[in-house]
Protein chains: 2
Amino acid sequence: MNDVSKALEQLEQYQRTLSAYQHAIGVLYLDATTAAPSDTWEGRGRTMEVLSQKVYELTSDPGLEGMLSCLEANRDELSPQVKRQVEVIRKDYDRMHRFPQEEYVAYTVLINDAQNVWQKAKNQNDFPSFAPYLEKIVSYNKKFAGYYQPQMAPYDALLNEYEEGLNMQTLDAFFDQLRKAIVPLLEKLSKARPMDDGFLYRHYPVERQRVFSDYLMEVMGIDRRHCGIAETEHPYTTNFRNQDVRITTHYYEDNLVSSMFSVIHEGGHALYELGAADCYNDTVLSGGVSMGIHESQSRFYENIIGRSRAFVHAIFPKTKELFPEQLADVDEEMFYRAINKAQPSLIRTEADELTYALHVMVRYEIEKQLMADELAVKDIPQRWNQLYQAYLGVEVPNDREGCLQDSHWSGGSIGYFPSYALGSAYGPQILSVMEGQLGDIWQDVAKGDLSKVTGWLREKIHRHASFMKPGELFTQVCGPFDAKYYTDYLTKKYTELYHL
Amino acid sequence: MNDVSKALEQLEQYQRTLSAYQHAIGVLYLDATTAAPSDTWEGRGRTMEVLSQKVYELTSDPGLEGMLSCLEANRDELSPQVKRQVEVIRKDYDRMHRFPQEEYVAYTVLINDAQNVWQKAKNQNDFPSFAPYLEKIVSYNKKFAGYYQPQMAPYDALLNEYEEGLNMQTLDAFFDQLRKAIVPLLEKLSKARPMDDGFLYRHYPVERQRVFSDYLMEVMGIDRRHCGIAETEHPYTTNFRNQDVRITTHYYEDNLVSSMFSVIHEGGHALYELGAADCYNDTVLSGGVSMGIHESQSRFYENIIGRSRAFVHAIFPKTKELFPEQLADVDEEMFYRAINKAQPSLIRTEADELTYALHVMVRYEIEKQLMADELAVKDIPQRWNQLYQAYLGVEVPNDREGCLQDSHWSGGSIGYFPSYALGSAYGPQILSVMEGQLGDIWQDVAKGDLSKVTGWLREKIHRHASFMKPGELFTQVCGPFDAKYYTDYLTKKYTELYHL
């Protein structure tokens with residue numbers, strides 16, 4: 001066996017082992033957030049500590065240097081997949097070497113604790129109990145930013161983690177463009193006749209909502225042999241390979257749409273993961289490539305499909321069958337209008353399409369300031385409330401519905417939020433290319449048949465997993481990104497809806 | 001730092017690391033059996049392979065030899081706990097060295113596959129599809145028996161795994177004694193007036209049964225901050241430490257008692273685990289000491305408490321409140337009699353107290369023959385059906401309700417079943433000692449207050465985790481084991497119930 005063969009074998013073994021640890025850690029997290037009793041984090045923290053230490057040892061193992069150098073020296077012999085694997089592992093390896101092991105492990109433990117503390121702090125509306133944890137998380141992230149990309153401003157380095165190439169300069173311009181389109185629309189809208197959506201907040205028994213979720217997943221064409229659904233505080237999707245994906249949701253008895261659109265949103269993430277080609281399993285190229293591309297898929301299904309007249313036409317009969325009393329006086333058009341009601345509000349995950357980006361901008365501003373040392377953690381609530389007043393014109397009554405609402409910071413994700421806005425903005429441009437190639441997709445959607453839509457997305461995006469960089473992938477499908485598709489889409493949709 | 005201090009540090013580190021891997025493997029198993037979509041075992045198998053290989057490396061690491069020898073040479077300096085840890089690790093270490101690594105890992109993978117195949121075989125009543133897996137499992141277990149205890153007959157070696165000191169000679173005599181007491185009772189009973197329990201098989205909506213489970217766990221005094229409940233095909237309990245225990249159950253819409261008594265049974269296991277002293281966490285002494293002691297606790301709660309008049313008195317009002325229509329024409333005494341109906345039947349887990357041991361004997365006979373090469377796997381169905389005819393007088397209509405009913409063999413557990421009978425037999429002797437020390441416990445039980453009962457069991461049994469050997473522990477609490485307590489208990493209970 002020559003050196004390259006040996007290195008290739010080592011490469012496979014390495015990726016397989018790493019995937020196994022990631023799977024185990026992923027299942028521990030899934031259990032923690034969906035099934036575990038409340039006071040069990042201590043043991044889980046110890047286990048996470050051991051496993052993450054092992055991941056650290058694996059990914060920073062000096063033995064990888066020889067393997068990587070050998071494969072890099074013989075690039076021409078490698079398949080495109082392996083070439084890209086080597087690239088990704090090299091990037092991670094070089095980075096891991098900048099992390100002191102004790103920091104890496106301590107951070108993993110901190111995150112395990114912080115998530116638990118955040119959950120309780122949120123329940124009890126007690127930001128000060130969470131603040132010391134967030135302070136540590138921010139301070140670690142500042143340090144980590146220097147390890148990731150020492151030449152960049154700290155926040156740029158973090159943004160680059162979630163979306164390679166993204167930076168504050170781009171985002172400032174992007175958000176500026178959005179603001180210029182959304183704010184005038186919202187102004188006009190505030191004078192328009194308010195939409196009635198009271199019936200969405202009648203009593204919807206959880207047990208029925210569970211049946212509704214199963215139905216929605218079926219319409220979306222999600223293969224339940226490979227995709228489960230669980231219940232959690234803050235819905236998310238996780239995947240262990242393309243054959244094992246889990247979505248989560250949260251049911252509220254007095255709210256039909258919260259879970260409905262979280263299921264469609266997470267279902268979009270799930271379709272992306274389920275659509276990855278088998279060859280990426282057990283490699284560093286498995287899974288969606290970036291948060292922006294991921295959100296482009298989830299929000300495509302949630303909003304562009306899920307909040308369309310065609311989709312409502314398809315699902316309304318079954319919806320009414322499941323909730324005959326609650327929707328007795330509601331017709332399809334009323335339902336369509338209600339789920340598209342735009343109104344400044346408090347909770348990002350339940351925001352309408354139009355105001356959604358404004359919620360993201362609040363978090364962007366705060367993260368930018370935190371990372372630039374222009375804001376102290378203890379002052380987040382005040383700043384949060386100011387920004388909600390300024391951008392959305394709403395008063396935040398408490399931190400539970402304010403700066404404690406999202407799980408991201410407690411999970412260590414700083415720089416993630418902008419991906420939501422970016423992903424939302426990718427959607428309409430993807431739609432435009434899709435329609436150019438497939439012609440009218442809405443007739444099928446109106447029949448509850450998403451197979452053409454999903455088939456196209458699978459072919460163009462899903463099957464590639466992390467093989468291409470996010471920018472490359474997007475450009476290959478859509479050409480250069482242009483936020484105008486998004487602002488045009490919003491303008492058209494809301495002008496029609498509200499007769500502006 | 002001297003050698004002993006170093007060895008003690010290594011000991012702690014070793015146990016902590018091992019506990020973490022066991023936790024991860026346990027959560028993967030919990031996920032697989034309660035939440036995972038059906039076709040996801042392939043990825044889990046790969047992960048299990050990596051993790052179990054790591055466990056093999058850890059437990060067979062030649063580096064342990066120095067640590068163990070050092071601590072063994074300095075036994076007198078060690079605390080009783082550490083002494084026992086060293087003993088247990090030495091036993092495992094010596095044994096692991098007899099296992100070839102590839103066998104150990106291949107077996108773990110086999111078990112992961114076999115469980116999935118068994119599940120499908122059971123659903124489809126297709127024993128032949130499961131047979132090749134069971135053949136491999138039996139053949140591995142024969143080999144393993146030689147690694148465990150080369151001087152013993154293979155089946156004795158396996159029995160000894162689940163209950164140190166147990167062997168076929170003891171069991172033959174024990175089962176003989178049971179048969180002599182149970183068979184005449186059953187004969188008399190067959191001529192007695194049959195009991196009406198039809199109302200237990202009315203329509204009981206799953207959603208309500210879930211609420212009932214929560215209520216039962218509350219009456220049992222199970223701390224839900226540390227104990228969860230999930231749904232699975234074949235109920236079991238698992239624990240990650242004394243602060244994180246999970247029970248599972250299975251609901252049938254046309255059967256109230258199946259889930260009811262599985263919850264009380266698994267709740268008994270859970271109380272044992274939850275009651276272990278904190279000092280055993282993250283050590284090899286964590287968790288219940290043997291299957292026999294474990295079953296003595298679960299079946300104590302299930303039968304001695306759960307099927308008592310006093311317990312029924314306590315829970316009947318709430319039961320009726322939850323199922324007012326189903327139990328409209330039922331009173332407390334009818335309910336008590338119905339849940340104690342004795343009748344030869346097909347399914348072990350749903351058997352009554354009286355015939356339960358006969359179900360175990362069928363499995364015991366088959367395992368004994370399999371391990372002695374007196375029975376081929378392919379002939380199990382036929383032998384199973386013969387034995388059910390001979391011991392219980394019932395005809396087995398299909399393998400689904402016959403030899404495919406239990407998950408044990410697919411999980412690699414051969415030699416486990418006798419613990420169920422042994423555990424059942426421990427119960428009445430434990431009760432007798434408890435009543436001797438506490439006086440009348442039934443007044444409290446009738447009020448739904450199990451705190452004295454559980455407190456006594458915690459003090460005498462639960463808190464010790466695996467510190468003592470099972471025989472030692474039982475004898476310390478009860479004196480020498482005598483199956484007469486059990487046969488007397490059964491005779492008295494069923495004579496009174498059926499006016500024999």
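Keep in mind that this is a model prediction, so the values were computed, not measured. (Residues numbered from 1 in each chain as written. Chains lettered and ligands numbered in written order. Predicted model: local features only at pLDDT ≥ 70, side-chain atom pairs only at ≥ 80, totals over all residues.)

Chemist: It is not clear to me how the overall build of chain A should be interpreted in this structure. Could you clarify?
Modeler: In terms of helices and strands, chain A carries 20 helices and three strands. For a compact globule of 500 residues, the expected C-alpha radius of gyration is about 23 Å, and chain A comes in at 23 Å, within 12% of that figure. Projecting the C-alpha coordinates of chain A onto the three principal axes gives extents of approximately 70 × 50 × 45 Å. (Helix = DSSP H or I, 4+ residues; strand = E, 2+ residues; numbered from the N terminus. Rg over C-alpha atoms; globule rule 2.2 N^0.38 Å.)

Chemist: Quick question: what am I supposed to make of the packing of helix α14 (residues 353–371) of chain A against helix α15 (residues 380–392) of chain A here?
Modeler: What describes two packed helices is the angle between their axes and the distance between those same axes. Residue and element names in this part refer to chain A. At a minimum axis distance of 10 Å, the contact between α14 and α15 shows a crossing angle of 145°. The way α14 lies across α15 gives a crossing that is right-handed. On α15, the residues that touch T355, L358, M361, V362, E365 and I366 of α14 are I380, R383, W384, L387, Y388, Y391 and L392. Taken together, the residues of the contact of α14 with α15 break down into ten nonpolar, one polar and two charged. (Axes fitted to C-alpha atoms, helices over the stretch in contact; angles between N-to-C directions. Left-handed = near helix turned anticlockwise from the far one by under 90°. Contact = placed C-beta atoms within 7 Å. Nonpolar A, V, L, I, M, F, W, Y, C, P; charged D, E, K, R; others polar.)

Chemist: Can you help me understand the sheet that holds strand β1 (residues 227–231) of chain A in this one?
Modeler: Across a sheet, paired strands are connected by hydrogen bonds in the backbone, their directions being either parallel or antiparallel. Residue and element names in this part refer to chain A. The three strands are arranged β1-β3-β2 in an open sheet whose pairing can be described as mixed. For this open sheet the edge positions go to β1 and β2 (237–241), each flanked by a neighbour on one side alone. Adjacent strand axes in the sheet meet at a mean angle of 20° when their direction is disregarded. As paired elements, β2 and strand β3 (residues 244–249) share four bridges and run antiparallel to each other. Across the sheet, T238 pairs through a bridge with R246, a residue of β3. (Pairing = 2+ DSSP bridges.)

Chemist: Explain the pairing of β2 of chain A here, please?
Modeler: Regular strands show a simple pattern: their side chains alternate between the two faces of the sheet. The buried fraction of β2 of chain A amounts to five of the five residues, a majority that puts the element mostly inside the structure. Here β2 of chain A folds back onto β3 of chain A in antiparallel fashion, the turn holding two residues. (Buried ≥ 20, exposed ≤ 12 C-beta atoms within 10 Å, placed from the backbone.)

Chemist: Hey, could you run me through helix α19 (residues 470–478) of chain B in this one?
Modeler: Helical geometry note: an α-helix holds 3.6 residues per turn, so side chains three or four residues apart project in the same direction. All names here are of chain B. Among all positions in α19, only P470, F474, V477 and C478 are buried. Projection of α19 onto a plane perpendicular to its axis shows the buried side chains occupying an angular sector of 75°, all on one side. The secondary structure elements touched by the buried residues of α19 are α11 (291–305), α16 (417–438) and α18 (451–460). Count one or two residues on from α19 and you reach G479, which has phi positive near 75°. (Arc of directions from axis to C-beta.)

Chemist: Explanation requested: the interface of chain A and chain B in the structure shown.
Modeler: A common way to report how large an interface is uses the accessible area buried once the components associate. In this assembly, 33 residues from chain A lie in contact with 33 residues from chain B. Of all the secondary structure elements, the ones that give two or more residues to the side of chain A that touches chain B are α1 (3–34), α2 (41–60), β1 and β2 of chain A. Here the side of chain A that touches chain B is composed, by residue class, of 13 nonpolar, nine polar and eleven charged.

Chemist: Looking at this structure, how should I read the confidence of the model for chain A?
Modeler: Caution is warranted with low-pLDDT regions, since their predicted coordinates should not be read in detail. Model confidence for chain A is summarised by a mean pLDDT of 95, while 100% of its residues fall at 70 or above. For this predicted complex, the interface score ipTM comes out at 0.90, alongside a pTM of 0.91. (pLDDT = per-residue confidence, 0-100.)

Chemist: Mind showing me how you'd approach the domain arrangement of chain A here?
Modeler: Residue and element names in this part refer to chain A. By domain assignment, chain A separates into domain 1 (3–97) and domain 2 (168–498). Of all the secondary structure elements, the ones that give two or more residues to the side of domain 1 that touches domain 2 are α1 and α4 (80–96). If one sorts the elements of the side of domain 1 that touches domain 2 by residue count, α1 sits on top with eight residues. The residue makeup of the side of domain 1 that touches domain 2, split by class, is three nonpolar, eight polar and two charged. (Domains from an automatic or database assignment.)

Chemist: What is the right way to look at the packing of helix α6 (residues 127–148) of chain B against helix α7 (residues 154–162) of chain B in this model?
Modeler: Residue and element names in this part refer to chain B. Their axes nearest at 8 Å, the elements α6 and α7 cross at an angle of 75°. With respect to α7, the axis of α6 lies roughly perpendicular. Here α6 contributes N141, K142, A145, G146 and Y148 to the contact with α7, which in turn contributes P154, A157, L158 and E161. A breakdown of the residues in the contact of α6 with α7 according to their chemical character gives five nonpolar, two polar and two charged. (Parallel < 35°, antiparallel > 145°, perpendicular 65-115°, else oblique.)

Chemist: It is not clear to me how the environment of T349 of chain B should be interpreted in this structure. Could you clarify?
Modeler: Residue and element names in this part refer to chain B. Take T349: it is sitting in the loop between α13 (332–338) and α14 (353–371). Take T349: there are 16 C-beta atoms within 10 Å of it, and that puts it in the partly exposed class. Note: C-alpha distance between T349 and S258 (91 residues apart in sequence) is 8.1 Å.

Chemist: Is there a simple way to explain the relation of the copies chain A and chain B in this structure?
Modeler: Once turned by 180° and shifted 0.0 Å along the axis, chain A lies on chain B with an RMSD of 0.0 Å. Taken together, these values place the two copies in the relation of a two-fold axis. No C-alpha of chain A lies nearer the rotation axis than that of A24 of chain A, which sits 3.0 Å from it. (Least-squares fit on C-alpha atoms with pLDDT ≥ 70 in both.)

Chemist: Is there a simple way to think about unusual backbone geometry in this case?
Modeler: Glycine aside, the phi torsion of most residues is negative, and most peptide linkages are trans. Here H499 of chain A, not a glycine, exhibits a phi torsion of approximately 50°, which is positive. Turning to its location among the elements, H499 of chain A is positioned in the segment after α20 (484–498). The exposed category is assigned to H499 of chain A, around which 9 C-beta atoms lie within 10 Å. Of note in this structure, N125 of chain B is not a glycine but carries a positive phi near 50°.

Chemist: Teacher, can you tell me more about the nonpolar core here?
Modeler: A general tendency of soluble globular proteins is for nonpolar side chains to be buried together. Membership of the largest hydrophobic core comes to 279 residues, with the highest contact counts inside it found for A24 of chain A together with A24 of chain B. For A24 of chain A, the residues in contact, after removing those within four places along its chain, are L51 of chain A together with A24, L28, T47 and L51 of chain B. (Core = buried A, V, L, I, M, F, W, Y, C linked by C-beta atoms within 7 Å.)

Chemist: Is there a simple way to think about the sheet that holds strand β1 (residues 227–231) of chain B in this case?
Modeler: All names here are of chain B. Spatial strand order, β1-β3-β2: three strands in an open sheet with mixed pairing. The outermost strands of the open sheet, each flanked by one partner alone, are β1 and β2 (237–241). Taken pair by pair, the neighbouring strands of this sheet meet at an average axis angle of 20°, ignoring direction. Across the sheet, helix α1 (residues 3–34) touches β1, β2 and β3 (244–249), and the angle it forms with β2 is around 150°. Taken strand by strand, helix α10 (residues 257–274) contacts β1, β2 and β3, and its axis lies near 165° from that of β3.

Chemist: I would appreciate a short explanation of the pairing of β3 of chain A in the present structure.
Modeler: Residues and elements named next belong to chain A. The element β3 is largely enclosed, with a buried count of six among its six residues. Where burial is concerned, the two faces of β3 agree: the one with D244, R246 and T248 and the one with V245, I247 and T249 are both buried. When β1 meets β3, the two strands line up parallel, connected through five bridges. When the sheet's bridge partners are listed, G228 is paired in β3 with R246.

Chemist: Can you walk me through the environment of M217 of chain A in this structure?
Modeler: Residue and element names in this part refer to chain A. In this structure, M217 sits in helix α9 (residues 206–219). When the C-alpha positions of M217 and G267 are compared, they lie 6.8 Å apart, and in sequence the two are 50 residues distant. With residues up to four places along the chain from it excluded, the contact list for M217 reads I222, R224, I229, V263 and G267.

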